[in-house]
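One-letter residues, chain by chain:
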Amino acid sequence: MITFLLLLFPLSLTVYGIWTKEKKDIIPLFCGIMSAVLFCALKVFLTYSHRIVPFSFSENMIYYLLRLSLLPVCILYLLYFFLVKDSSEYKIKSFFPLTAGFYSVYLPYFIISASEAVYSGYDLFLRPVLYLSFICLCAISLHYLYKSIKEKNYLFIAVSALLLIVAFIVPAISDALYAINYSFSLIVLIDVFYMALTGVYLLMIFIFSFSKKKLSDKESEQESE
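First things first, this report covers the structure right here in the doc. Everything numeric in this text was worked out from a predicted model, so none of it was measured. (Residues numbered from 1 in each chain as written. Predicted model: local features only at pLDDT ≥ 70, side-chain atom pairs only at ≥ 80, totals over all residues. Heavy atoms only, no water.)

1. Considering the overall build of the protein
Phase 1 of the analysis: Helix and strand counts for the protein come out as eight helices and zero strands.
Phase 2 of the analysis: Ordered by position from N to C terminus, the α and β elements of the protein give α-α-α-α-α-α-α-α.
Phase 3 of the analysis: Taking 2.2 N^0.38 as the reference for a compact globule, 225 residues should give roughly 17 Å; the C-alpha atoms of the protein span a radius of gyration of 19 Å, in line with that estimate.
Phase 4 of the analysis: The contacts in the protein between residues at least 6 apart in sequence include a share of 77% that link residues at least 24 apart.
Phase 5 of the analysis: Carbon and sulfur atoms form 73% of the exposed surface of the protein, whose accessible area is close to 13,400 Å².
Phase 6 of the analysis: Between the centroid of the 17 positive side chains of the protein and the centroid of its 15 negative side chains there is a distance of 5 Å. (Helix = DSSP H or I, 4+ residues; strand = E, 2+ residues; numbered from the N terminus. Rg over C-alpha atoms; globule rule 2.2 N^0.38 Å. Contact = heavy atoms within 4.5 Å. Areas by Shrake-Rupley, 256 points an atom, 1.4 Å probe, with all protein chains shown as cover. Lys, Arg positive; Asp, Glu negative; His and termini not counted. Charge placed at Lys NZ, Arg CZ, Asp CG, Glu CD.)

2. A word on unusual backbone geometry
The general pattern is negative phi for most residues beyond glycine and trans for most peptide bonds.
Phase 1 of the analysis: One non-glycine residue with positive phi stands out, namely Lys21, at about 55°.
Phase 2 of the analysis: By the secondary structure assignment, Lys21 is in the loop between helix 1 (3–20) and helix 2 (26–46).
Phase 3 of the analysis: For Lys21, a relative accessible area of 70% puts it in the exposed group.
Phase 4 of the analysis: A positive phi is found at Asn181, a non-glycine position, where the angle reads about 60°.
Phase 5 of the analysis: Examined against the element boundaries, Asn181 turns out to sit in the loop between helix 7 (154–179) and helix 8 (184–224).
Phase 6 of the analysis: Among the residues examined, Asn181 registers a relative accessible area of 69% and is labelled exposed. (Buried < 20%, exposed > 50% of the residue type's maximum accessible area, 1.4 Å probe, protein only.)

3. Notes on the nonpolar core
Phase 1 of the analysis: Core analysis: the largest hydrophobic core is formed by 54 residues, its most contacted members being Phe9, Phe95, Phe96, Tyr103, Tyr106, Tyr131 and Phe134.
Phase 2 of the analysis: Of all the secondary-structure elements, those providing two or more residues to this core are helix 1, helix 2, helix 3 (57–83), helix 4 (88–93), helix 5 (95–114), helix 6 (121–151), helix 7 and helix 8.
Phase 3 of the analysis: No other element matches helix 6, which puts 14 residues into this core.
Phase 4 of the analysis: When residues no more than four places from it in sequence are discounted, the contact partners of Phe9 are Ala100, Tyr103, Ser104, Leu107, Pro128, Tyr131, Leu132 and Ile135. (Core = buried A, V, L, I, M, F, W, Y, C linked by side-chain atoms within 4.5 Å.)

4. Some details on the packing of aromatic side chains
Phase 1 of the analysis: Taken as a whole, this structure holds 20 aromatic pairs when the rule is applied.
Phase 2 of the analysis: Pairing Phe102 with Tyr106 gives two aromatic rings, centres 5.2 Å apart and planes at 35°, and the pair type is tilted. With a gap of four residues between them, Phe102 and Tyr106 both fall in helix 5, about one helical turn apart. Assigned by exposure class, Phe102 and Tyr106 land together as buried.
Phase 3 of the analysis: Judged by centre distance (6.1 Å) and plane angle (50°), the ring pair of Tyr106 and Phe110 falls under tilted. Within this pair, Tyr106 and its partner Phe110 are both found in helix 5, separated by four residues, close to a single helical turn.
Phase 4 of the analysis: Overall, Phe110 belongs to the buried group, its relative accessible area being 7%.
Phase 5 of the analysis: Aromatic rings pair up to connect Phe9, Phe39, Tyr63, Tyr64, Phe102, Tyr103, Tyr106, Phe110, Tyr131, Phe134 and Phe168 into one cluster. (Phe/Tyr/Trp six-rings, centres within 6.5 Å; stacked < 30°, edge-to-face > 60°.)

5. Some details on the pattern of salt bridges
Phase 1 of the analysis: Enumeration according to the criterion identifies four salt bridges in this entry.
Phase 2 of the analysis: In this structure, the salt-bridge partner of Asp175 is Arg127, at a minimum N-O distance of 3.1 Å. Here the residue Asp175 occupies a position in helix 7, and Arg127 occupies one in helix 6, the gap between them amounting to 48 residues. Taken as a pair, Asp175 and Arg127 share a single burial class, namely buried.
Phase 3 of the analysis: If you follow the salt bridges from partner to partner, you end up with Asp123, Arg127 and Asp175 in one network. (Salt bridge = Lys/Arg side-chain N within 4 Å of Asp/Glu carboxyl O.)

6. Quick notes on the environment of Ser35
Phase 1 of the analysis: Tracing the backbone through its elements, the reader meets Ser35 in helix 2.
Phase 2 of the analysis: Classification of Ser35 by relative accessible area gives partly exposed; the value is 26%.
Phase 3 of the analysis: Taking the C-alpha atoms as reference points, Ser35 and Ile112, separated by 77 residues in sequence, lie 18 Å from one another.
Phase 4 of the analysis: Non-local contacts of Ser35, meaning those with residues more than four positions away in its chain, are made with Leu76 and Phe102.

7. Quick notes on the packing of helix 3 against helix 5
Two measures define how a pair of helices packs: the angle their axes make with one another and the distance between the axes.
Phase 1 of the analysis: Closest axis-to-axis distance for the helix 3/helix 5 pair is 11 Å, and the angle between their directions is 140°. Every pair of crossing elements has a handedness; the one defined by helix 3 and helix 5 is right-handed. In this structure, helix 3 contributes Tyr63, Tyr64, Arg67, Leu68, Ser69, Pro72, Val73, Leu76, Tyr77 and Tyr80 to the contact, and helix 5 contributes Phe95, Leu98, Thr99, Phe102, Tyr103, Tyr106, Leu107 and Phe110.
Phase 2 of the analysis: Of the residues contributing to the contact of helix 3 with helix 5, the split by class is 15 nonpolar, two polar and one charged. (Axes fitted to C-alpha atoms, helices over the stretch in contact; angles between N-to-C directions. Left-handed = near helix turned anticlockwise from the far one by under 90°. Nonpolar A, V, L, I, M, F, W, Y, C, P; charged D, E, K, R; others polar.)

Structural data, given as structure tokens:
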């Protein structure tokens, strides 16, 4: 039952590694996994995982925003960004392997430790895809935010910043609605829209990268002639 939850992030990292073929990604990936292992170990020994869920949308939203997205990602990435001595471009590219490595351990731990013996379909299927989409959307937004700042393109700075905010907020909204047993149809609708938005961006990047490679190959052929 929990196979999908356990394998989604490792499989996504495998696909990402095959696509990028960047050997240096093993460093942020290792940092993310080890950070999650250490963090989860500290939580096991120092805190009590079971939580009494309040019937309050705002309280639950703040809880999930802090515990599942804002604090883990911001603290982890900021520490990595300022401690690792490498170019800013590489650090921006390292966001996905770093955070995906972290969530491959942390998200299953969070769900399993907070759940009873019976797991819901939301926890086993929807939430893992939701947070994978969250990481992807953050990585895309962060890349274009950095690029727009360098180019001083203020319109794209605003758009990228807005997408980054949306990336953080929507999973917390979904989790909070589910926690108070709100309309499951609405939750699915929100999640599907969010995943579709991420999918469209990923598809656009793939098409752009493929077209750029084909154009580069064509120019190389013309130069050789």
